[in-house]
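Structure at a glance
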Protein chains: 2
Amino acid sequence: MLVLVTYDVNTETKAGQRRLRKVAKKCEAYGIRVQNSVFECVVDHTQFFQLKKELSEIINEETDSLRFYQLGNKYKTKVEHVGAKTTLNVEDPLIL
Amino acid sequence: MLVLVTYDVNTETKAGQRRLRKVAKKCEAYGIRVQNSVFECVVDHTQFFQLKKELSEIINEETDSLRFYQLGNKYKTKVEHVGAKTTLNVEDPLIL
């Protein structure tokens, strides 16, 4: 299923800047970045649980926020893009 | 239906900063801000078409991007939040 992860991390401190990098890096392990703080992750339920757990352990719950949106398995018609940085379809074969 | 709007606007120029404000203002007319550049809008198909059109007319398609995610009508179980700034449920009665 496709899960959209969006986040806001308070980067006023060095620690916040570190958290931001860690959150992005963690999301990259599960999916692709489609906008600055928006990732699309194709995961199963176990992986989704794990992703939420790992991200929740990184952020400061007082100042940062995470949002997860489950778009199910038939998501291609549910997502539209306008403008710059069109992204790879997460399941398209990567031809290297 | 719930539509999630996420956007990246290039704010390196004054014009970009103006576009960012305009995009946010337009989204506020249709829904609520849940994170810095993430809005949740409960709209019908006509309103959704209108929202896309109006936002597309604001951005610079070379440098900015918009993404729309349709979460359907039964969306409450599809959305999870962790951390700061929990938001009002868009359809909860506002008790003033």
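Rules used throughout
- Residues numbered from 1 in each chain as written.
- Chains lettered and ligands numbered in written order.
- Predicted model: local features only at pLDDT ≥ 70, side-chain atom pairs only at ≥ 80, totals over all residues.
- Heavy atoms only, no water.
- Helix = DSSP H or I, 4+ residues; strand = E, 2+ residues; numbered from the N terminus.
- Expected span 1.5 Å × (residues − 1).
- Buried < 20%, exposed > 50% of the residue type's maximum accessible area, 1.4 Å probe, protein only.
- Contact = heavy atoms within 4.5 Å.
- Polar contact = N/O pair within 3.5 Å; in protein donor to acceptor, adjacent residues only side chain to side chain.
- Buried area = accessible area lost by both parts, 1.4 Å probe.
- Salt bridge = Lys/Arg side-chain N within 4 Å of Asp/Glu carboxyl O.
- Patch = residues over 30% accessible without salt bridge, like charges linked within 9 Å, V, L, I, M, F, W, Y side chains within 5 Å.
- Areas by Shrake-Rupley, 256 points an atom, 1.4 Å probe, with all protein chains shown as cover.
- Lys, Arg positive; Asp, Glu negative; His and termini not counted.
- Charge placed at Lys NZ, Arg CZ, Asp CG, Glu CD.
- Phe/Tyr/Trp six-rings, centres within 6.5 Å; stacked < 30°, edge-to-face > 60°.
- Pairing = 2+ DSSP bridges.
- Axes fitted to C-alpha atoms, helices over the stretch in contact; angles between N-to-C directions.
- Least-squares fit on C-alpha atoms with pLDDT ≥ 70 in both.
- UniProt positions renumbered as here; feature names shortened; annotations may be inferred.

The terminal C-alpha atoms of helix 2 (residues 45-58) of chain A lie 20 Å apart, and with 14 residues this matches the ideal 20 Å at 1.5 Å per residue to within 8%. Along helix 2 of chain A, the residues that are buried comprise Phe48, Leu51, Lys52, Glu54, Leu55 and Ile58 of chain A. On its buried face, helix 2 of chain A sits against strand 1 (2-8), helix 1 (14-30), strand 3 (38-42) and strand 4 (65-72) of chain A together with strand 5 (79-83) of chain B. Among the residues of helix 2 of chain A, the N-terminal cap falls to Asp44 of chain A, whose side-chain oxygen and the backbone nitrogen of Thr46 of chain A are separated by 3.0 Å.

Next up on the list: the interface of chain B and chain A. Facing the 34 residues of chain B at the interface are 34 residues of chain A. Summing both sides of the interface, chain B and chain A together bury roughly 2,900 Å²; the carbon and sulfur share of this comes to 45%. The partner of Arg67 of chain B in a salt bridge is Glu40 of chain A, and the shortest N-O contact between them spans 2.6 Å. In this assembly, chain B and chain A are joined by 28 residue pairs in polar contact (both at pLDDT 80 or more). Within the residue set of the side of chain B that touches chain A, elements represented by two or more residues are strand 1 (2-8), strand 2 (32-35), strand 3 (38-42), helix 2 (45-58), strand 4 (65-72) and strand 5 of chain B.

All right, on to a positive patch on the surface then. All names here are of chain A. On the surface, Lys14, Arg18, Arg21 and Lys22 cluster together to form a positively charged patch. As for its placement among the helices and strands, Lys22 is situated in helix 1. A relative accessible area of 52% places Lys22 in the exposed class.

It is worth spelling out the pattern of salt bridges at this point. Side-chain pairs of opposite charge can arise where the charged atoms are in close proximity. The full count for this structure, using the stated rule, is 12 salt bridges over all chains. With its nearest N and O atoms 2.8 Å apart, the salt bridge here joins Glu80 of chain A to Lys52 of chain B. Here Glu80 of chain A is found in strand 5 (residues 79-83), whereas its partner Lys52 of chain B is found in helix 2 on a different chain. Its relative accessible area of 26% is what places Glu80 of chain A among the partly exposed residues.

Turning to the packing of aromatic side chains, a few remarks are in order. All names here are of chain A. Evaluated as defined, the whole model comprises 4 aromatic pairs over all chains. For the ring pair Tyr7 and Phe39, a centre distance of 6.3 Å and an interplane angle of 25° mean the geometry is stacked. Of this pair, Tyr7 sits in strand 1 while Phe39 sits in strand 3, placing them 32 residues apart in sequence. Like Phe39, Tyr7 is buried. A centroid spacing of 5.8 Å and a plane angle of 70° characterise the contact between Phe48 and Phe68, whose relative ring orientation is edge-to-face. Of the two residues, Phe48 sits in helix 2 while Phe68 sits in strand 4, which places them 20 residues apart along the sequence. A single burial state applies to Phe48 and to Phe68, both of which are buried.

Glancing now at the sheet that holds strand 1 of chain A. Within the open sheet, the 5 strands sit side by side as 2(A)-3(A)-1(A)-4(A)-5(B). Their pairing is antiparallel. A single partner strand is all that each edge strand has here, and the edge strands are strand 2 (31-35) of chain A together with strand 5 of chain B. The mean angle between the axes of side-by-side strands here comes to 20°, regardless of whether they run parallel or antiparallel. The pairing of strand 1 of chain A with strand 4 of chain A spans 7 bridges and is classified as antiparallel.

Before going further, it helps to examine the relation of the copies chain B and chain A. The two chain copies are connected by a rotation around an axis plus a translation along it. Between chain B and chain A, the superposition needs a rotation of 180° and an axial shift of 0.0 Å, giving an RMSD of 0.0 Å. The symmetry that links the two subunits is that of a two-fold axis. Considering only C-alpha atoms, the residue of chain B closest to the rotation axis is Leu71 of chain B, which sits at 3.2 Å. The fraction of interface residues of chain B whose copies in chain A are also interface residues reaches 100%, indicating that both copies meet through the same surface.

Following the UniProt record, the feature "binding site: Mg(2+)" (unreviewed entry) maps to Asp8 of chain A here. Mapped onto the elements of the fold, Asp8 of chain A is located in strand 1. Excluding residues that lie within four positions of it along the chain, Asp8 of chain A makes contacts with Asp64 and Ser65 of chain A together with Gln35, Asn36 and Lys85 of chain B.

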